[in-house]
Amino acid sequence: MEFWTSLASLMGVWAFCQSLLHAVIPPELRFASLKLFQRLFNWCSTYCYYDITEIDGVNTNELYNAAQLYLSTTAAASVTGSRLSLTRAVNSSAVTFGLANNDRLVDVFRGVPVVWEHVVTQRQSQTFSWRPLPEEKRGFTIRIKKQDKALILDSYLDHIMDKASEIRRKNQDRFLYTNSRGGSLDSRGHPWESVPFKHPSTFDTLAMDPIRKQAIKDDLDDFTTGQTFYQTTGRAWKRGYLLYGPPGTGKSSMIAAMANHLSYDIYDLELTEVHHNSELRKLLMKTSSKSIIVIEDIDCSINLTNRKKTAAASGRSHHEMGSPPEMRGGAAEEGGNSITLSGLLNFTDGLWSCCGSERIFVFTTNHVEKLDPALLRSGRMDMHIFMSYCSFPALLILLKNYLGFSEGDLDEAVVRELGEVIDKAEMTPADVSEVLIKNRRDRDKAVGELLGELNARAVKKRESVGLMKERNEVEEEEEEQEKRALESPKQGCDELQEESNCEKGEGDDSEKPN
């Protein structure tokens, strides 16, 4: 009881002294004294402080939003309090957490500790404003040592912005876009229609030689981190990939794996729905950065065949039909589609191709020999990726994906037989996957049926090669016979001509006088 009485007395004395100071000392002197005290404190302190407010004037502070995302990666491990703030953004499949109100955490950057505090205070009553401000005033306060000031201002803030962009891209759901039918616009005036992209393909599940997969991944990573390189060399920040090979070799799965690896959106361009080169440029302008623009089966979309191979045929039809070749095919064959090869080349490598940044172009085809060489050169299709038949390393990946086999689970004799027959069978990963899917409940049965299918295809392939060889030999023999038959009459005519010349000469000699 005596303690509380003494405490109340002390508080009363402090209140009396405070009111006496307010009455004796003018407000200007009190403000100057407080300011001087703060300067002395800052001069003696080894720390400096930086405030990052949520709103800068009337605009949202982008650095504040970036700091929220960045701190969500370290809040769980470093937060000192027992309360976290959980959020989930629009179009996001992940829940992020961060600092609660007036809590703090310690981050370490290049060995330098940085103390973050989330400061939330009530905002004073607002005057009339066209844009009302939130009732709470939010911000972050950064505390660092003065000797580390240069490091923080030069590198740490840029690191926060880059990390926040990466987190935002990974948390946000990706979309698959396709151009609207006939060039029409959607309700928002956009020429692209979208659906959420949920394809599960990754480079780990892709049936391909691991060495080739790693080379493709390294090339993609070099592209995404090469902004400075592209600016220094004066190149547009884009890259082209050509995927070619037989049907069923995983070209579409490769595109999905690239999108999931980079966290990019996909724009699936249907060329048959684009009528003019200008419409093609407008579609390109409406694509976003950090995206993959795909044209599948480009050899079947419009007439973009090899001009060198078709020049002779076009010339013959020009003489036969009496009309210039450029008046036929192309637009007429495509039902009004007037996209030209020049328009597509400018789309991928012209001035319009650099209206955005960090874009990837992917073309797929089953018959690369049908495409014009101008479309395949470096700068347009920088990396050519052959999607081959299922190889032995790819087969092991499929066995792991569908049946759960790992190294050592299969009998060595079975593995040896699979390795010997897989290249001879020329079986696509899609066909191998179908055999495994049908028998996935019984792993031994699946392997046995796959082995039987591979052997059957290898035998069939060997027989077809033998028949092809015999057919070629017969055709060569027939060509030789035709050649000899054409040469025989010529020789007979030459002999008859010589005999007639001889008889004529003898007749002339008999007519001469003795």
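Residues numbered from 1 in each chain as written. Predicted model: local features only at pLDDT ≥ 70, side-chain atom pairs only at ≥ 80, totals over all residues. Heavy atoms only, no water.

(A) Highlighting the pattern of salt bridges. Throughout the structure, instances matching the rule amount to 9 salt bridges. A salt bridge links R239 to D219; the shortest N-O distance between them is 2.7 Å. A residue pair is termed long-range when its members are at least 10 positions apart, and R239 in strand β11 (residues 238–244) and D219 in helix α6 (residues 210–224) qualify at 20 residues. Taking the relative accessible area as the measure of exposure, D219 reaches 17% and is therefore buried. A salt bridge links R457 to D431, with the shortest nitrogen-to-oxygen separation between them at 3.3 Å. One end of the pair, R457, is in helix α17 (residues 443–511); the other, D431, is in helix α16 (residues 429–438), with 26 residues separating them in the sequence. We classify R457 as partly exposed; its relative accessible area is 28%. (Salt bridge = Lys/Arg side-chain N within 4 Å of Asp/Glu carboxyl O. Helix = DSSP H or I, 4+ residues; strand = E, 2+ residues; numbered from the N terminus. Buried < 20%, exposed > 50% of the residue type's maximum accessible area, 1.4 Å probe, protein only.)

(B) Quick peek at the sheet that holds strand β10 (residues 192–196). As summarised here, the arrangement of the 7 strands in space is β10-β9-β12-β13-β14-β11-β15, forming an open sheet in which the pairing is mixed. On the outer flanks of this sheet lie β10 and β15 (383–386), each paired with one strand and no other. Going from strand to strand, the sheet's axes swing by 20° on average, the running direction of each strand aside. Pairing of β11 with β15 involves 4 bridges; the strand directions are parallel. The residue of β15 that forms the bridge with Y244 is F386. (Pairing = 2+ DSSP bridges. Axes fitted to C-alpha atoms, helices over the stretch in contact; angles between N-to-C directions.)

(C) Here's a closer look at the nonpolar core. Ranked by internal contacts, the top residues of the largest apolar core, which has 27 residues, are M254, M258, I360 and V362. Broken down by secondary-structure element, the contributors of at least two residues to this core are α6, β11, α8 (251–262), β13 (291–295), β14 (359–365) and β15. It is α8 that provides the largest number of residues to this core, a total of 7 residues. Ignoring any residue separated from it by four or fewer positions in sequence, one finds V362 in contact with Y241, L243, I255, M258, I292, I293, V294 and I295. Judged by nonpolar contacts, the second largest core, of 26 residues, contains V274, I295, L344 and A374. (Core = buried A, V, L, I, M, F, W, Y, C linked by side-chain atoms within 4.5 Å. Contact = heavy atoms within 4.5 Å.)

(D) The arrangement of the side chain of S201 in detail. Looking at where S201 falls in the secondary structure, it is placed in the loop between β10 and α6. A distance of 3.0 Å separates the side chain of S201 from the backbone oxygen of S253, its partner in a polar contact. (Polar contact = N/O pair within 3.5 Å; in protein donor to acceptor, adjacent residues only side chain to side chain.)

(E) Spatial organisation of the sheet that holds strand β7 (residues 112–122). The sheet built from 4 strands is open, its strands ordered β1-β8-β7-β6 with antiparallel pairing. Each having just a single partner strand, β1 (47–53) and β6 (104–109) make up the two edges of the open sheet. Between one strand and the next, the sheet's axes are offset by a mean angle of 25°, whatever the strand orientation. Inspection of the sheet shows β1 paired to strand β8 (residues 136–145) by 7 bridges, in the antiparallel sense.

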